[in-house]
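Fold and contact review
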Amino acid sequence: MAGTWDVSRYEASHGYVWSLGAPLIGMLDPKPGERVLDVGCGAGQLSGEIARLGAEVTGVDSSPEMIAQARINFPGLKFVLSDAAAFTSEAPFDAVFSNAALHWMKPPEGAARAMARALKPGGRLVAEMGGAGNVASIVEGLKASLGEEYFAQRNPWFYPTIGEYATLLEQAGLEVVNASLFPRPTRLEGEGGLRDWLEMFCRAFLEGMDKAAKRELMEAMEGRLREKLYREGAWHIDYRRLRIVARKPG
Ligand code: BEZ
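Reference entry: report on the structure contained in this document. Owing to the predicted nature of the structure, the values given are computational and were not obtained by experimental measurement.

Looking now at the site of the ligand. Every residue close to the ligand is listed here: Ala-100, His-103, Trp-104, Gly-130, Asn-134, Trp-157, Tyr-159, Trp-197, Phe-201, Tyr-239 and Arg-241. Within the contact set of the ligand, an oxygen atom lies 2.7 Å away from a side-chain nitrogen or oxygen of Asn-134. At a separation of 2.6 Å, an oxygen atom of the ligand approaches a polar side-chain atom of Arg-241. The protein chains hide 96% of the 260 Å² of surface that the ligand would expose on its own. Along the lines of polarity and charge, the residues of the shell around the ligand split into 7 nonpolar, 3 polar and 1 charged.

Turning our attention to the sheet that holds strand 4 (residues 93–99). With respect to topology, 7 strands assemble into an open sheet ordered 3-2-1-4-5-10-6, the strand pairing being mixed. In the strand order of this sheet, the two ends are held by strand 3 (78–81) and strand 6 (175–183), each with one partner. With direction set aside, neighbouring strand axes in the sheet form an average angle of 15°. Sheet analysis places strand 1 (residues 35–39) next to strand 4, joined by 3 bridges and oriented parallel. Bridge pairing links Leu-37 to Val-96 in strand 4. Sheet contacts for helix 5 (residues 64–73): strand 2 (56–61) and strand 3; angle to strand 3, the most-contacted strand, approximately 165°.

The subject of this paragraph is the packing of helix 7 (residues 136–146) against helix 12 (residues 211–229). Following both chains from N to C, one finds helix 7 and helix 12 inclined at 140°, their axes separated by 10 Å at the closest point. Here helix 7 is positioned oblique relative to helix 12, judged by the angle of their axes. For the pair helix 7 and helix 12, the sense of crossing is right-handed. Mapping the contact onto sequence places Ser-137, Ile-138, Gly-141, Leu-142, Ala-144, Ser-145 and Leu-146 in helix 7 and Leu-217, Ala-220, Met-221, Arg-224, Leu-225, Lys-228 and Leu-229 in helix 12. Taken together, the residues of the contact of helix 7 with helix 12 sort by class into 9 nonpolar, 3 polar and 2 charged.

The next subject is the packing of aromatic side chains. Overall, the coordinates contain 16 aromatic pairs when judged by the stated rule. Both rings, one in Trp-104 and one in Phe-201, keep their centres 6.4 Å apart while their planes meet at 35°; by these two values the pair is tilted. Here Trp-104 is found in the loop between strand 4 and helix 6 (108–118), whereas its partner Phe-201 is found in helix 10 (residues 193–201), with 97 residues between them in sequence. Note on Phe-201: relative accessible area 7%, which makes it buried. The structure contains a cluster of three or more aromatic residues connected by ring pairs, namely Trp-5, Tyr-10, Tyr-16, Trp-18, Trp-104, Phe-151, Trp-157, Tyr-159, Trp-197, Phe-201, Phe-205 and Tyr-239. Lying across the ring of Phe-93, Arg-35 places its NZ or CZ 4.3 Å from the centre.

Our next topic: the environment of Pro-64. The residue Pro-64 is located in helix 5 in this model. For the pair Pro-64 and Val-80, spaced 16 residues apart in sequence, the C-alpha separation works out to 9.4 Å.

What counts, and where the lines are drawn
- Residues numbered from 1 in each chain as written.
- Predicted model: local features only at pLDDT ≥ 70, side-chain atom pairs only at ≥ 80, totals over all residues.
- Heavy atoms only, no water.
- Near = heavy atom within 4 Å.
- Polar contact = N/O pair within 3.5 Å; in protein donor to acceptor, adjacent residues only side chain to side chain.
- Areas by Shrake-Rupley, 256 points an atom, 1.4 Å probe, with all protein chains shown as cover.
- Nonpolar A, V, L, I, M, F, W, Y, C, P; charged D, E, K, R; others polar.
- Pairing = 2+ DSSP bridges.
- Helix = DSSP H or I, 4+ residues; strand = E, 2+ residues; numbered from the N terminus.
- Axes fitted to C-alpha atoms, helices over the stretch in contact; angles between N-to-C directions.
- Contact = heavy atoms within 4.5 Å.
- Parallel < 35°, antiparallel > 145°, perpendicular 65-115°, else oblique.
- Left-handed = near helix turned anticlockwise from the far one by under 90°.
- Phe/Tyr/Trp six-rings, centres within 6.5 Å; stacked < 30°, edge-to-face > 60°.
- Buried < 20%, exposed > 50% of the residue type's maximum accessible area, 1.4 Å probe, protein only.
- Lys NZ or Arg CZ within 6 Å of the ring centre and 35° of its normal.

Here is the structure:
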């Protein structure tokens, strides 16, 4: 995960990132003894789950805060501090796994190439990320509040269509076996849920703002998004997931 992260806030209030990503492990179907690389492992919750099923996991993440927490959470597992694009390993992997991370990796070609490079011939990639139209209301609200140019200069996200990401993986040497793009509205408890989400995930836009400017942005975002995203005492963020399964020929 790129940038600096408030790991305590992440673990305390954003557990849906890994709990909603858990079904992906069913698709990965890790076997005891398999070597699995978890790309953008964050604080290691899903790496831990894959290891619990008997695989030998390596987690890689570009955030020192996340890697430090992952090592505390799962002291027996291997976690590497690295950009995904720069990651190399002498021993290849049976599978590469990634949840809710690839949309932070820009430009995306480096990560695609590194995942392909990491796999054994015949190895598989199982990944889920923000896809085209992900958090569209938030993107629109940020553009309207901050201006298109400010948004474009600081935008940390890449939300591809199936065609765009499949092409990247094919150019990296993988065969795409299956891909889907689907809505996954995500409930954030309570009136403060949207602010908390913005504080957690919109650091790229908030950096350098004083307290008053931040408060003004939060109020503007709540005002703009309330009608569309707030109901029954909770915010519902309009996530759209891109799930993709690919294999390395051989
Ligand atoms: C996502 O997982 O899609 C996501 C999370 C935080 C910010 C933006 C997107």
